[in-house]
Amino acid sequence: DIIGREKYRLDFDVKASMLELYRNELVDLLDDTLKKVHIRTDPEGSVQMENAIEVTCQNERDIREVLEQGLRFRKTAETAMNAESSRSHLILSMHITSTNRETGQDLTGKLLLIDLAGSERLKKSLATGERQREAIDINKSLTALGDVIEALTQG
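In this report, we go over the structure that sits alongside the text. (Residues numbered from 1 in each chain as written. Predicted model: local features only at pLDDT ≥ 70, side-chain atom pairs only at ≥ 80, totals over all residues. Heavy atoms only, no water.)

In the sheet, strand β3 (residues 38–41) pairs with strand β4 (residues 47–50) via four bridges, with the strands oriented antiparallel. Looking at the pairing, Ile 39 lines up with Met 49 of β4. The hairpin turn running from β3 into β4, its antiparallel successor, is five residues long, and Gly 45 in that turn takes a positive phi close to 90 degrees. (Pairing = 2+ DSSP bridges. Helix = DSSP H or I, 4+ residues; strand = E, 2+ residues; numbered from the N terminus.)

Laid out in structure tokens, this is it:
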């Protein structure tokens, strides 16, 4: 436990947010109204999630509560292949700042944990109507992600 080991030398600030990419819209899973979140780049070039709720977490239990709250609102549905199929991509974002008590120097980092919805074969999942449109959007977004990863590996 790094925070416990360094608590006499460093102060830590941990903030968590949880978003869902569902049918090409980014939604805040920590907001009961499931408001849309907009991505912006600030003047320094840092990506910001406009309107996203960030919860201050003091310990592992707080982080677990963020996860549980967000998962309650995540879109899932039954298909012929899965009893509970995720219909979206999930993003857990954690911003961590450590402050050296002696020097006052801040170090900041961001940790993103992503749970991608799996690709679906419409014939096997027997998806129709809304489930079919979700599957098509999921497959398109996974293809786009694959293209981005391919481009990044090419240099």
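On we go from here.
Here Leu 122 lies in helix α3 (residues 122–125). Overall, Leu 122 belongs to the partly exposed group, its relative accessible area being 30%. As for Leu 122 and Thr 97, which are separated by 25 residues in sequence, their C-alpha atoms are 44 Å apart. Excluding residues within four positions of it along the chain, Leu 122 makes contact with Ala 127, Gln 132, Ala 135 and Ile 136. (Buried < 20%, exposed > 50% of the residue type's maximum accessible area, 1.4 Å probe, protein only. Contact = heavy atoms within 4.5 Å.)

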